[in-house]
Amino acid sequence: MLWIWLAIGWIGFVIFPWYQQEYGFWTLEWLFDGYPTYVDYAPAILQATLLEKYWLLPVGLFLLGPLLLARQGRAHPKYAQILIISGLGGLIWMVGQGFAIGISGWSYGWLESLFGPLDMRQYGLGYGALLMAASYLIILCTGLAAAGAMRGDVFVTSAIGTVVALVALFVFFPVARILGSAFVDIDGAVSGAAFARNFFDDSVWGLGCLAGGACGVAWNTAFLAILTAVSTTLLGLAFALVVTRTGFRYKKSLRVLTVLPIITPPFVIGLALILLFGRSGAATQFVSDLLGVEAGRWLYGLPGIWLAQTLSFTPISFLVLIGVVEGVSPSMEEASQTLRAGRWKTFVMVSLPLMRPGLANAFLLAFIESMADFGNPMVLGGNYEVLSTEIFFAIVGAQNDAGRAAVLALVLLFFTLSAFAAQRFWLGRKSYATVSGKAESGAHIGLNPALRRLVYCTAVPWGIFTVAVYGMIFYGSFVTRWGFDNTLTLDNYVDAFGIGWSEHGIVWTGAAWDSFWTTLNISAISAPLTAAVGLTTAYLLVRQNFRGKSAFEFGTMLSFAIPGTVIGVSYILAFNVPPFELTGTGVILVICFIFRNMPVGVRGGIAAMSQLDRSLDEASLTLGANSFTTFRRVILPLLRPAIVAALVYSFVRAITSVSAVIFLVSADHNMATSYIIGLVENGRYGVAIAYCCVLIVVMLAAILAVQGAIGKRKLRREDRIAPDRLTPDRVSPAGENLKEKHS
């Protein structure tokens, strides 16, 4: 295996272009445009010799070390040392020369003072550099394994090294660039005063609202996030209790409602609310005509954003809480009933405390989602400013102030990390485990009648309201011009997805086809890569023990704690200049989706892999298989549901993401969400909603098919609830009287 990677390194150095191609990462047009001697397409060996970029020579020289091992291999007394020096030295030199020399010569003034002006320049790294970096990384990991790391297991050592390198490059490096850019003024000079000016600006922390004015954008965002987190957590708990603890007939319909907002582009719900409650909305006009009052604009501002975010994020809270509510052991509830506690006291004193992890996670998720939400504030914000939109306008607006955007992103990051810390403090070190390896035949108790009526009165009207909102979404896609001309028409769909015929065959005449196919291609590429990275990381966390494991896990989960808005800004700052010139390409979109969605694959893989006995691995290793074969042929087949879940989630999130993507799209790689935002800004609501409806139908069909293939999880032999009609004395599924049993 070492020699394969050594050959890959030489191919990258001698054959492939060293710098990035102007035609894009996936094309081969460079083969027919002056390759290999043209300066833009020459491999590193020709760049160093013919084109006098001598600093590239050491990149290849580090590959000579492993060639000394050609004959003796592992028998060489310096095998591990040579590989470690070669791999580490090659990586350090590649990174050093990449950052030292940019598109205008020396990247740092002190280098120019030390060595004098440099006439040469270099651009972002390309195919050849990618292959050589991968080669050096595996050579380094092989040397570490030979030195005894991870008991000499090359696969495990290489997997850890690869994940660490990827997280460092695509998570820690961009975040570090944000930290640095916050201290740079608009002229590019380092200035602490610039940070202080942006950070302590009244527009960020002002408390004018206490005197009847406007609050700073930071307080606006935090207040909105807390409101949304509280409302979505309570609604999610109500839905979870209805589904798991009552005999409600339409449970399947409720589950479908939980899927819809997840596969809906973030700003679509905002558009639907405008169709209902805007000045020309159906509900607004009905009330105006009925009461004879003028239509108001109450929807634009805090009430509208809060309503839209609650609609958008309640299903996420429900999905988090339903597993926790189901996981509460019925035996504990039965024990409470046996000790003469009623249903209400049992719920408050036993069931609810055991749901604390779910409540904390649901609150945290909703808080972070609200903080990072861009679409709903963009559509419904009015004069209510939040951090996500302010960051966007700081980057793309007339001010073009990356320093201010970085400071606002740091404020956003501070809030989300504080929420993480508060959650960990609230949960503490207590154990909330109630599901053991032993099967249980008990059933959950029914709800107290008053509590049951409360959750019904909360969940059912909200479910009906959600149906009405989505009904308006689909109806609005067939209206000529909502509020002015409600004639039904297919023109919106024809404008977006029209198909024609010519002498050359099918012609995609609709304006949305380009962004639609781009979105599907980017999502299809990123989904399997996301699942692969996530599940490999889960395998390392569950099955391997190594120094720094906790820090390793934190690093893989950091991208989840960082809102998408911050990720987008950090990627612009980190990958807009050499050595990583990726902005405007499809590659940066794929990378963003991989590391934005990777934590879901990690957590899902950990949950699934924790249920697999280690004896399976040990049996495979005992029979002579190595770790890679065991992972590929034993572990992965048993993780099929987790693999499918990771694929579906990453695919859907790639299609519906907007907060990070809005900063990274380009004319050549325009995603569906950014295209729809453009339609909204131009007032073409009908076409925008039609586009969203197509996306919803496509993703809903895919998810329902996958859910049907996976089936429902069953934690115990009898997974049913006690009927609501039973009295508190008769809650056992077998019908026996617990009081008689107690006596």
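Residues numbered from 1 in each chain as written. Predicted model: local features only at pLDDT ≥ 70, side-chain atom pairs only at ≥ 80, totals over all residues. Heavy atoms only, no water.

This part covers the overall build of the chain. Secondary structure assignment for the chain yields 34 helices and six strands. By residue count, 51% of the 743 residues in the chain fall in the buried class. Taking as baseline every contact in the chain between residues at least 6 positions apart, the subset at least 24 positions apart corresponds to 73%. When the accessible area of the chain is evaluated, it comes to approximately 34,300 Å², of which 64% is carbon and sulfur surface. (Helix = DSSP H or I, 4+ residues; strand = E, 2+ residues; numbered from the N terminus. Buried < 20%, exposed > 50% of the residue type's maximum accessible area, 1.4 Å probe, protein only. Contact = heavy atoms within 4.5 Å. Areas by Shrake-Rupley, 256 points an atom, 1.4 Å probe, with all protein chains shown as cover.)

Moving on, we get to the state of the cysteines. Two cysteines joined by a covalent bond between their sulfur atoms form a disulfide. Considering all chains together, one arrives at zero disulfides under this definition. Here Cys692 stays free of any disulfide, with the sulfur of Cys693 as its closest cysteine sulfur at 6.9 Å. Here Cys692 falls in the buried class, since its relative accessible area comes to 0%. (Disulfide = S-S within 2.5 Å.)

Closest axis-to-axis distance for the helix H13 (residues 268–277)/helix H14 (residues 282–291) pair is 3 Å, and the angle between their directions is 15°. Considering their axes alone, H13 and H14 lie roughly parallel with respect to each other. Contacts between H13 and H14 involve Leu275, Leu276 and Phe277 from the former and Ala282, Ala283 and Thr284 from the latter. In terms of residue class, the contact of H13 with H14 is built from five nonpolar, one polar and no charged. (Axes fitted to C-alpha atoms, helices over the stretch in contact; angles between N-to-C directions. Parallel < 35°, antiparallel > 145°, perpendicular 65-115°, else oblique. Nonpolar A, V, L, I, M, F, W, Y, C, P; charged D, E, K, R; others polar.)

With that settled, the discussion passes to the pattern of salt bridges. By the definition in use, this model includes four salt bridges. A salt bridge links Glu390 to Arg404, with the nearest nitrogen and oxygen atoms 3.6 Å apart. Residue Glu390 is found in helix H20 (residues 387–396), and its partner Arg404 is found in helix H21 (residues 402–427); the two are separated by 14 residues along the sequence. Each member of the pair, Glu390 as well as Arg404, carries the same accessibility label: buried. (Salt bridge = Lys/Arg side-chain N within 4 Å of Asp/Glu carboxyl O.)

As judged from the four bridges shared by strand S5 (residues 499–502) and strand S6 (residues 505–508), these two strands associate in the antiparallel manner. The partner of Gly500 across the bridge, within S6, is Val507. Connecting S5 to the antiparallel partner S6 that follows it, the hairpin turn spans two residues. (Pairing = 2+ DSSP bridges.)

Take the side chain of Gln544 next. Summarising the element assignment, Gln544 is placed in the loop between helix H24 (513–543) and helix H25 (549–561). Polar contacts involving the side chain of Gln544 include one to the side chain of Arg151, which spans 3.4 Å. Setting aside residues up to four positions removed in sequence, Gln544 forms contacts with Met150, Arg151, Val156, Tyr539 and Lys549. (Polar contact = N/O pair within 3.5 Å; in protein donor to acceptor, adjacent residues only side chain to side chain.)

Note that Phe497 resides in helix H23 (residues 491–497). When the C-alpha positions of Phe497 and Phe516 are compared, they lie 9.2 Å apart, and in sequence the two are 19 residues distant. Among residues more than four places away in sequence, those in contact with Phe497 are Gly510, Ala512, Trp513, Phe516, Tyr691 and Val694.

Okay, the packing of aromatic side chains next. Under the defined criterion, the tally for this structure stands at 47 aromatic pairs. Aromatic side chains Phe277 and Trp298 sit 5.6 Å apart centroid to centroid with 55° between the ring planes, which places their arrangement in the tilted category. One end of the pair, Phe277, is in helix H13; the other, Trp298, is in the loop between H14 and helix H15 (302–327), with 21 residues separating them in the sequence. On the basis of relative accessible area, Phe277 is assigned to the buried category, the value being 19%. Ring centres of Phe497 and Phe516 lie 5.5 Å apart, and the angle between their planes is 80°; on these two criteria the pair is classed as edge-to-face. (Phe/Tyr/Trp six-rings, centres within 6.5 Å; stacked < 30°, edge-to-face > 60°.)

Another point: the nonpolar core. In terms of nonpolar packing, the biggest core is built from 193 residues, with Trp18, Leu273, Tyr571 and Phe575 touching the most fellow members. The greatest single-element share of this core, amounting to 14 residues, is contributed by helix H11 (residues 217–245). Not counting the four nearest positions on each side in its chain, Tyr571 is found in contact with Phe170, Pro174, Asn576, Thr583, Ile588, Ile591, Cys592, Phe595 and Leu664. (Core = buried A, V, L, I, M, F, W, Y, C linked by side-chain atoms within 4.5 Å.)

Another point: the packing of helix H28 (residues 614–622) against helix H29 (residues 627–638). The interhelical angle for the contact between H28 and H29, taken along N-to-C directions, is 140°, at an axis separation of 10 Å. In terms of their interaxial angle, H28 and H29 are classed as oblique. Along this stretch, H28 crosses H29, giving a crossing that reads as right-handed. From H28, Leu616, Asp617, Ser620 and Leu621 reach across to H29, where they touch Ser627, Thr630, Val634, Ile635 and Leu638. Residue composition of the contact of H28 with H29, grouped by class: five nonpolar, three polar and one charged. (Left-handed = near helix turned anticlockwise from the far one by under 90°.)

Note that Pro315 resides in helix H15. By relative accessible area, Pro315 is classed as buried at 6%. Separated by 60 residues in the primary sequence, Pro315 and Arg255 have C-alpha atoms spaced 8.9 Å apart. Sequence-distant contacts of Pro315, defined by excluding residues within four places in its chain, comprise Leu257, Thr258, Pro261 and Ile262.

Turning our attention to the confidence of the model for the chain. Averaged over every residue, the pLDDT of the chain is 81; residues scoring 70 or more account for 88%. Scored below 50 in pLDDT, residues 710–743 makes 68 contacts in the model with residues more than four places away or belonging to other chains. (pLDDT = per-residue confidence, 0-100.)

On the surface, Tyr54, Leu57, Leu61, Leu64 and Leu67 cluster together to form a nonpolar patch covering roughly 470 Å² of accessible area. Residue assignment for the nonpolar patch shows that the elements contributing at least two residues are helix H3 (57–61) and helix H4 (64–67). For Tyr54, the location among the structural elements is in the loop between helix H2 (44–49) and H3. (Patch = residues over 30% accessible without salt bridge, like charges linked within 9 Å, V, L, I, M, F, W, Y side chains within 5 Å.)

Relative to the helices and strands, Ser570 is located in helix H26 (residues 564–574). Sequence-distant contacts of Ser570, that is, excluding residues within four places in its chain, are made with Pro174, Val175 and Ile178.

The subject of this paragraph is unusual backbone geometry. Residue Pro579 is bonded to the preceding Pro578 through a cis peptide linkage, with omega at 10°. Inspection of the secondary structure assignment puts Pro579 in the loop between H26 and helix H27 (586–609). Its identity is not glycine, yet Glu52 carries a phi of approximately 60°, on the positive side. With respect to the helices and strands, Glu52 occurs in the loop between H2 and H3. For Glu52, a relative accessible area of 43% translates into the label partly exposed. One non-glycine residue, Met150, lies in positive phi territory at about 50°. Within the fold, Met150 resides in the loop between helix H7 (127–146) and helix H8 (154–181).

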